[in-house]
Amino acid sequence: LAKTTQPISMDSYEGQEVNITCSHNNIATNDYITWYQQFPSQGPRFIIQGYKTKVTNEVASLFIPADRKSSTLSLPRVSLSDTAVYYCLVGDMGGYSTLTFGKGTMLLVSP
Amino acid sequence: DAGVTQSPTHLIKTRGQQVTLRCSPKSGHDTVSWYQQALGQGPQFIFQYYEEEERQRGNFPDRFSGHQFPNYSSELNVNALLLGDSALYLCASSRAGVVHNEQFFGPGTRLTVL
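Residues numbered from 1 in each chain as written. Chains lettered and ligands numbered in written order. Predicted model: local features only at pLDDT ≥ 70, side-chain atom pairs only at ≥ 80, totals over all residues. Heavy atoms only, no water.

Section: the pairing of strand β7 (residues 70-75) of chain A
Residue and element names in this part refer to chain A.
- Counting buried positions along β7 gives five out of six residues, so the element sits mostly inside the fold.
- Here strand β2 (residues 18-23) runs beside β7; their pairing, made up of six bridges, is antiparallel. In the strand pairing of β7, Asn19 is matched with Ser74.
- Sheet analysis places strand β6 (residues 61-64) next to β7, joined by three bridges and oriented antiparallel. (Buried < 20%, exposed > 50% of the residue type's maximum accessible area, 1.4 Å probe, protein only. Helix = DSSP H or I, 4+ residues; strand = E, 2+ residues; numbered from the N terminus. Pairing = 2+ DSSP bridges.)

Rendered as structure tokens:
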């Protein structure tokens, strides 16, 4: 499984755009990039998944360059409720896949 | 549609005791995975159950065992509890054979070993 590296923590203010970058130099051809969000004392929640270029949903955007060795999760206009830990995961995401989590990025949004 | 449910919410045990945690998957899901999350760390994969069998296992000792029932619900058993077993135990469900499979997590069971 490809190892991921992401910042331990980030700070932002309400209304700002937040970009969290994840490095995954050893990503395999079949691997997808998935981001999860976790609030304290809750289970992680799927945010977005992509393979290449750009993916956007109602919550976030995911930018993946052509070499796929990194990815950036973009959260537009964050609010206090976006304060959470964000995990970048890389894997084939097949029907029997298991998830390998790192330590994630603790995002703190202030007023 | 109920999501993944886990019970109990919190549990306090002493060293050497045994514990059983329970998980009901999201409706329509047949695969259950268990994760252990220590304070300040990301979840770590324990094992996965499908068709009532353990399909994959992470790097956890045999003290950790599980079971899946015909209705797809699952139990996690931990024997001879150690202080280091204190953690949030998460259950995640998914559908086998679905490509780009999203896993849905429950709220977890907070286990404290004294």
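Things to note about the pairing of strand β9 (residues 87-94) of chain B
Residue and element names in this part refer to chain B.
- Most of β9 sits inside the fold, with eight of its eight residues counted as buried.
- Residues Ala87, Tyr89, Cys91 and Ser93 line one face of β9 and the alternating positions Leu88, Leu90, Ala92 and Ser94 line the opposite face, and both faces are buried.
- Taken together, the seven bridges between strand β4 (residues 31-37) and β9 define a ladder with antiparallel strand orientation. Within β9, the residue paired with Trp34 across the bridge is Cys91.

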